[in-house]
Amino acid sequence: MNIINISCLIYQEFDAMVEAAYDGISISNGDGIVIKTNPSFSKITGIQPEQIIGRNVQYLLNLGYYDQSIVTLVLNEKKPVTRTQNFPHNGKVVLVSGSPVFDKDNKISMVINFIRDLTDLNNIQNQLIENNKLMIKYKNQLEETKAKLIPTSENFVVRGVEMLKVMNIINKVKDVDSSLLILGESGVGKSMFVKYLHSISTRKDRPFFVINCGAIPEQLLESELFGYEKGAFTGALSNGKPGIFELADKGIVFLDEITELTSALQVKLLTFLQDQQFMRVGGTKSIKVDVRIISATNKDISQLVSDGLFREDLYYRINVIPITIPPLRERKDEIASFIWHFSNIYNEKFQRKTFFSANAFDSLIEYDWPGNVRELQNIVERLIIMNDGKIDIDSLPENIRSHRISPINVNNLKEATAEFEKLFISQKLKSVTSIEDLSNALGVHRTTLVRKMLKYGIPYKEKEYQG
C-alpha cells in the first residue's frame, strides 16, 4: 500500500468519525472559510451545510447566523477558545470549543469547532453561574439603553446608524408639541414610527387618529377633519357631527400624504395650526382644542412649494421638526435582520420551518427594494407560504433573481478587475444624480471616473453631469 492510499484511508476514517460524532462539528480553513459540517451540527443549530459551506465566518456573523465567531477568536488568539454562542433564528444557546490545527510552518491551517447543546449539560450551568451574573448585569444595562432608543414591535427592526439617528430624534421630540414632518418613500414605515412616537409620548393615553389625505374626497375630508353642524349640507346628520380635530383633543392627529390636500383645505388647516381653533362646517362658533399635528409625505414637498402646488406658509408651519426615513436600499445593513425577523414571524404564524439558502439570502440583500420594508415583508410572507423547507434562488421572483450580479466570465485577473470595475460603477450610478456625487461615493477623482466610464462604455448624460 503506497503513501497516497494510506492518506486516503486516513482521510476516510477521519471523515467517518466526524460524520458519526454526537457533538456538532464545523471545520474552517486558515482563512476562516467553512469547509465542512457534520449532521449533529445541523441538528443542534438548525443551519444546513449549503447555507454556510464556502462562506467566511465573519460574513456569516454579519448576516446574523450567530452572535459571535469562535473561529475568528481562535485565529486571532492562536490558541483554543471556549465560549457560549447564540443562534438567533432558533433560539439555541450552545457551548463551542474551537481548536486550531497548525501546519509545519506553525501557521493555522484549520480550526475545528466542537459544539454541544447546553440543554444537555446541566452540570456546566453551575460552573457558569458567576460569569452569567456578570453577563446578565451588562445585558440588562444594554437592554435598558436600547429600550429608551429602540421600539419593541413586530414591524420594527432598527440596527443601522442612520435609523438609530432617526430613533434618537423621535425620542427627543416625543413630549413636545412642535409639528413634525415625516419624509420618506412609500413603504419605509412612516406610519409605524408615528404610532411608536404616540405610544411613548405623554399623550399615549389620549386619542390617536390617522388620516390619509389622498384617500378621502375634498368635501368629505373637510367634514371629517373639522366636523359639521346640523343642516350644513344635504345628507348631514340632524345633530351634526364632531370632526377628528375635536375628537382628538389632548391627543395626536397624523396627516399622511399631506401634499394631497387641496388649496382650500391647506388654507383651513393653516388657520387651525396658527391658534388651534376652528369652526365646524356650517358653524359659527369657534372651538379650541389641544392637538399635536404630525404630517408625512412621500413626495418632494419643497419642490411642490417651489412649483406653487403647496402653500409655503403651511409648509413652514408643519415643518418645524423634519425627520427623513431613509429608503431600504440605503440601509443594506438592516436587510438581513428584516429577513430573519419576518421569517420568524411567518414561520410561527403559518406553522412552517422554512429557511433561505445562502444564494437566495444574498439575492434578497443585493436587491434595491423600491417598495422598501413593505415590499420585503410581503415577499418574505409569500415565500414562506409558497415553499416548504429551503427557499432557493429559483423560488425568488424574477425581478429579484435578475437583479443579482452575474458571475464574471474572464480569463485573467486584469480582465476580472476591469469587469468588476464596470459592474461596480454601473451599480453605484443608479443611486446618484451627478458625476460629482458618484466620484465622492467611489472615492476617485472626477476626471479618473469619467475616463473609466468612457473606457467601459458606461452611458451617462453629459449635460446632466457637467459641473
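The shown structure was predicted, so the numbers you read here are calculated from the model rather than taken from an experiment.

> It is not clear to me how the packing of helix H10 (residues 218-226) against helix H12 (residues 263-275) should be interpreted in this structure. Could you clarify?
Pairs of packed helices are described in terms of their axes, by the angle between the two and the distance that separates them. Packing of H10 against H12 leaves a shortest axis separation of 11 Å and a crossing angle of 10 degrees. The pairing of H10 with H12 is recorded here as roughly parallel in orientation. Where H10 crosses over H12, the two elements pack in a sense that is left-handed. The segment H10 lies against H12, with Glu218, Leu221, Glu222 and Phe226 engaging Ala264, Leu265, Lys268, Leu269 and Phe272. The residue inventory of the contact of H10 with H12, partitioned by class, reads six nonpolar, no polar and three charged.

> Just checking my understanding: could you explain the environment of Asn86 for this structure?
Position of Asn86 relative to the elements: it lies in strand S3 (residues 81-87). The exposure class of Asn86 is partly exposed, given its relative accessible area of 32%. For the pair formed by Asn86 and Tyr66, sequence separation is 20 residues and the distance between their alpha carbons is 5.5 Å. Within polar-contact distance, the side chain of Asn86 engages the side chain of Asp67 at 2.8 Å.

> Please explain the packing of aromatic side chains as it appears in this structure.
Two aromatic rings are characterised by how far apart their centres lie and by the angle between their planes. Summed over all chains, the structure comprises 14 aromatic pairs. Note on Phe226 and Phe245: the rings are 5.3 Å apart at their centroids and 75 degrees apart in plane angle, and the pair reads as edge-to-face. Separated by 19 residues along the polypeptide, Phe226 in helix H10 and Phe245 in helix H11 (residues 244-247) bring together distant segments of the chain. Given a relative accessible area of 1%, Phe226 falls into the buried group.

> Whenever I open this one, the pairing of strand S8 (residues 252-256) confuses me. Can you help?
Consecutive residues of a regular strand have side chains that alternate between opposite faces of the sheet. A large share of S8 lies buried, amounting to five of its five residues. Neither face of S8 is open: one carries Ile252, Phe254 and Asp256, the other Val253 and Leu255, and all of them are buried. Relative to strand S11 (residues 292-297), S8 runs parallel, the two sharing four bridges. Note on S11: the bridge partner recorded for Phe254 is Ile294.

> Teacher, can you tell me more about the pattern of salt bridges here?
Side chains that carry opposite charge are capable of pairing whenever their charged atoms lie near each other. Following the criterion strictly, the structure yields 22 salt bridges and no others. A salt bridge links Lys165 to Glu162; its shortest N-O distance comes to 3.5 Å. Of this pair, Lys165 and Glu162 both sit in helix H8 (residues 161-173), separated by three residues, roughly a single helical turn. According to the relative accessible area criterion, Lys165 is partly exposed, its value standing at 47%. A salt bridge links Lys268 to Glu222, with the nearest nitrogen and oxygen atoms 3.0 Å apart. Of the two residues, Lys268 sits in helix H12 while Glu222 sits in helix H10, which places them 46 residues apart along the sequence. Taking relative accessible area as the criterion, Lys268 reaches 23% and is therefore assigned partly exposed. Overlapping salt bridges bring together Asp177, Arg203 and Asp290 as one network.

Quick notes on the rules
- In this numbering scheme, every chain counts its residues from 1 along its sequence in written order.
- Only residues with pLDDT of 70 or above have their local features reported here, since the model is predicted, and side-chain atom pairs are shown and tallied only from 80 upward, although totals for entire chains, interfaces and linings are computed over all residues.
- Each side-chain value is derived from all of the structure's non-hydrogen atoms; neither hydrogens nor water enter the calculation.
- Orientation is described by lines fitted to C-alpha atoms, with helices fitted over the stretch in contact, and by angles between N-to-C directions that extend from 0 to 180 degrees.
- Strands here mean DSSP runs of E at least two residues long; helices mean DSSP runs of H or I at least four residues long; both are numbered from the N terminus.
- Each angle gets one of four labels, with under 35 degrees taken as roughly parallel, over 145 as roughly antiparallel, 65 to 115 as roughly perpendicular, and the rest as oblique.
- Working rule for handedness: look at the near helix, and if it is turned counterclockwise from the far one by less than a right angle, call the crossing left-handed; if clockwise, right-handed.
- In this analysis, two residues are considered to be in contact whenever any of their non-hydrogen atoms come within 4.5 Å of each other.
- Ten residue types, Ala, Val, Leu, Ile, Met, Phe, Trp, Tyr, Cys and Pro, are classed as nonpolar, four, Asp, Glu, Lys and Arg, as charged, and the remainder, Gly among them, as polar.
- Three exposure classes are used, based on accessible area relative to the maximum for each residue type with a 1.4 Å probe and protein chains only: buried under 20%, partly exposed in between, and exposed over 50%.
- Pairing of N or O atoms within 3.5 Å defines a polar contact, subject to two protein rules: one partner must be a possible hydrogen donor and the other a possible acceptor, and residues neighboring in sequence count only if both atoms are side-chain atoms.
- Any pair of Phe, Tyr and Trp rings, taking the six-membered ring for Trp, is counted once the centres come within 6.5 Å. Such a pair is stacked with planes under 30 degrees apart, edge-to-face with planes over 60 apart, and tilted for the rest.
- Two strands pair under a simple rule: DSSP has to find at least two bridges between them.
- Salt bridges are identified by distance alone: a Lys or Arg side-chain nitrogen within 4 Å of an Asp or Glu carboxyl oxygen.

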